[in-house]
Amino acid sequence: MAAILRKVSKAKQLLARRDLLTLLGASLLRPAMPRCAGFAESKTSIPIRFALQSIPFQLETDETLKAPHAPATMAGGVAVFDYNQDGRPDIFFTNGANIATLKKDLPKYSNRLFRNDGNGVFTDVTDRSGLAGTGYDYGVAVGDYDNDGYPDLFVTGVHCRTLYHNNRDGTFSDATVKSHLDSWNDPDYGHSGPSPPDGSPSTTTV
């Protein structure tokens, strides 16, 4: 009888140890969830829902089926950055131009800056910001080149480049000449020549 009791006791100890290891392994495999102050864990999960909010912008490449051109395949640069340092990401779009002159001679070709007002609302602040542009733009990069704490923009385009300095008041200034980027040429890939007098796109020397 004593032997039977010892076997039963040993079996209970093994079972308890096995359950403990199972619980320990489950706790290690379970991903740790970050806890925030005042956060109460709920058994019912709240799904994340997305709603479509349109922005009044349309990319204009000035391309038609009768007049296809290479720049149309490159246009459409986008930068998401907090230009006014209010903690909300704003959106900047580059845009094309009249392909015959490479100039933004109509409002539809303007680059666009949209300020994030929160709650999914964006306001077009292009005119005030000074980022409308002048040429056929297709690329943009964000960086604080002068380390003043505000992001600046470098916009690239067909035979042109523009460095915009963030003035920290919602406006930007063209700093291309001041930074000596107006006459910079790539030593490996050549340079862009001036546009011919007939208004057709200029060639690139390689």
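Residues numbered from 1 in each chain as written. Predicted model: local features only at pLDDT ≥ 70, side-chain atom pairs only at ≥ 80, totals over all residues. Heavy atoms only, no water.

K.L.:
Before we go on, may I ask you to explain the sheet that holds strand 7 (residues 160–166) in this structure?
P.N.:
Strand pairing in a sheet relies on backbone hydrogen bonds. The paired strands run either parallel or antiparallel. Strand order in the open sheet formed by 4 strands is 5-6-7-8, with antiparallel pairing between adjacent strands. Looking at strand neighbours, the two that pair on one side only are strand 5 (137–143) and strand 8 (172–174), the edges of this open sheet. Ignoring which end each strand starts from, the neighbouring axes of this sheet average 25° apart. Taken together, the 6 bridges between strand 5 and strand 6 (residues 152–157) define a ladder with antiparallel strand orientation. What sits directly across from V140, in strand 6, is V155. (Pairing = 2+ DSSP bridges. Helix = DSSP H or I, 4+ residues; strand = E, 2+ residues; numbered from the N terminus. Axes fitted to C-alpha atoms, helices over the stretch in contact; angles between N-to-C directions.)

K.L.:
Explanation requested: the packing of aromatic side chains in the structure shown.
P.N.:
Within a pair of aromatic rings, the relevant descriptors are the distance that separates the centres and the angle that separates the planes. Applying the stated rule across the entire model yields 4 aromatic pairs. Ring geometry for F57 versus F93: centroids 4.4 Å apart, planes at 15°, classification stacked. Placement of the pair is F57 in the loop between helix 1 (2–29) and strand 1 (78–81) and F93 in strand 2 (residues 90–93), with a sequence separation of 36 residues. According to the relative accessible area criterion, F93 is buried, its value standing at 14%. Considering the side-chain rings of Y83 and F172, the 6.2 Å spacing of their centres and the 40° angle between planes classify their relative orientation as tilted. Pair noted here: Y83 is in the loop between strand 1 and strand 2 and F172 is in strand 8, with a separation of 89 residues, a long-range link. (Phe/Tyr/Trp six-rings, centres within 6.5 Å; stacked < 30°, edge-to-face > 60°. Buried < 20%, exposed > 50% of the residue type's maximum accessible area, 1.4 Å probe, protein only.)

K.L.:
Would you mind going over unusual backbone geometry with me for this structure?
P.N.:
Glycine aside, negative phi is the norm for most residues, and most peptide bonds take the trans geometry. Of note, N147 is a non-glycine position whose phi angle comes to about 55°, a positive value. Here N147 shows up in the loop between strand 5 and strand 6. Unusually for a residue other than glycine, H159 sits at a positive phi of about 60°. Inspection of the secondary structure puts H159 in the loop between strand 6 and strand 7. Exposure remark for H159: the relative accessible area of 27% places this residue in the partly exposed category.

K.L.:
Help me understand the nonpolar core in this model?
P.N.:
Listed in full, the 11 residues of the largest apolar core are A79, F81, Y83, F92, L113, V125, L131, L153, V155, Y164 and F172. Contributions of two or more residues to this core are made by strand 1 and strand 6. (Core = buried A, V, L, I, M, F, W, Y, C linked by side-chain atoms within 4.5 Å.)

K.L.:
Explain the side chain of T94 to me, please; I cannot follow it from the model alone.
P.N.:
In this fold, T94 is placed in the loop between strand 2 and strand 3 (112–118). From its side chain, T94 meets the backbone nitrogen of G77 in a polar contact 2.8 Å long. What T94 contacts, discounting residues up to four positions off in sequence, is F57, L59, G76, G77, N111, D137, Y138, G139, V140 and V155. (Polar contact = N/O pair within 3.5 Å; in protein donor to acceptor, adjacent residues only side chain to side chain. Contact = heavy atoms within 4.5 Å.)

K.L.:
Before we go on, may I ask you to explain the sheet that holds strand 2 in this structure?
P.N.:
Reading across from one edge, 1-2-3-4 is the order of the 4 strands in this open sheet, with antiparallel pairing throughout. At either end of the open sheet lies a strand with only one pairing partner, and these are strand 1 and strand 4 (121–124). Between one strand and the next, the sheet's axes are offset by a mean angle of 25°, whatever the strand orientation. As defined by bridge partners, strand 3 adjoins strand 4 across 4 bridges and the pair is classed as antiparallel. Looking across to strand 4, one finds that F114 is bridged to D124.

K.L.:
So what exactly am I meant to see when it comes to the pairing of strand 1 here?
P.N.:
If a strand is regular, its side chains alternate between the two faces of the sheet. The two faces of strand 1 differ: A79 and F81 on one face are buried, but V78 and V80 on the other face are not. Here 4 bridges tie strand 1 to strand 2, and the two strands are oriented antiparallel to one another. Each residue of the ladder has a partner; that of V80, found in strand 2, is I91.

K.L.:
Before we go on, may I ask you to explain the confidence of the model for the protein chain in this structure?
P.N.:
In low-pLDDT segments, the atomic positions of the prediction should not be examined closely. Mean pLDDT for the protein chain: 78, with 67% of residues reaching 70 or above. Mean pLDDT across the secondary structure elements of the protein chain bottoms out at strand 10 (residues 204–205), with 31, and peaks at strand 8, with 98. (pLDDT = per-residue confidence, 0-100.)

K.L.:
In this structure, what is going on with the pattern of salt bridges? I would like to understand it.
P.N.:
Here the idea is simple: oppositely charged side chains can pair when their charged atoms come close. In the structure shown here, the tally under the stated rule is 4 salt bridges. The salt bridge involving R88 is made with D86; its shortest N-O contact spans 3.3 Å. Judged by its relative accessible area of 33%, R88 is partly exposed. Between D124 and R112 there is a salt bridge; the shortest N-O distance is 2.7 Å. Of this pair, D124 sits in strand 4 while R112 is found in strand 3, placing the two residues 12 residues apart along the sequence. (Salt bridge = Lys/Arg side-chain N within 4 Å of Asp/Glu carboxyl O.)

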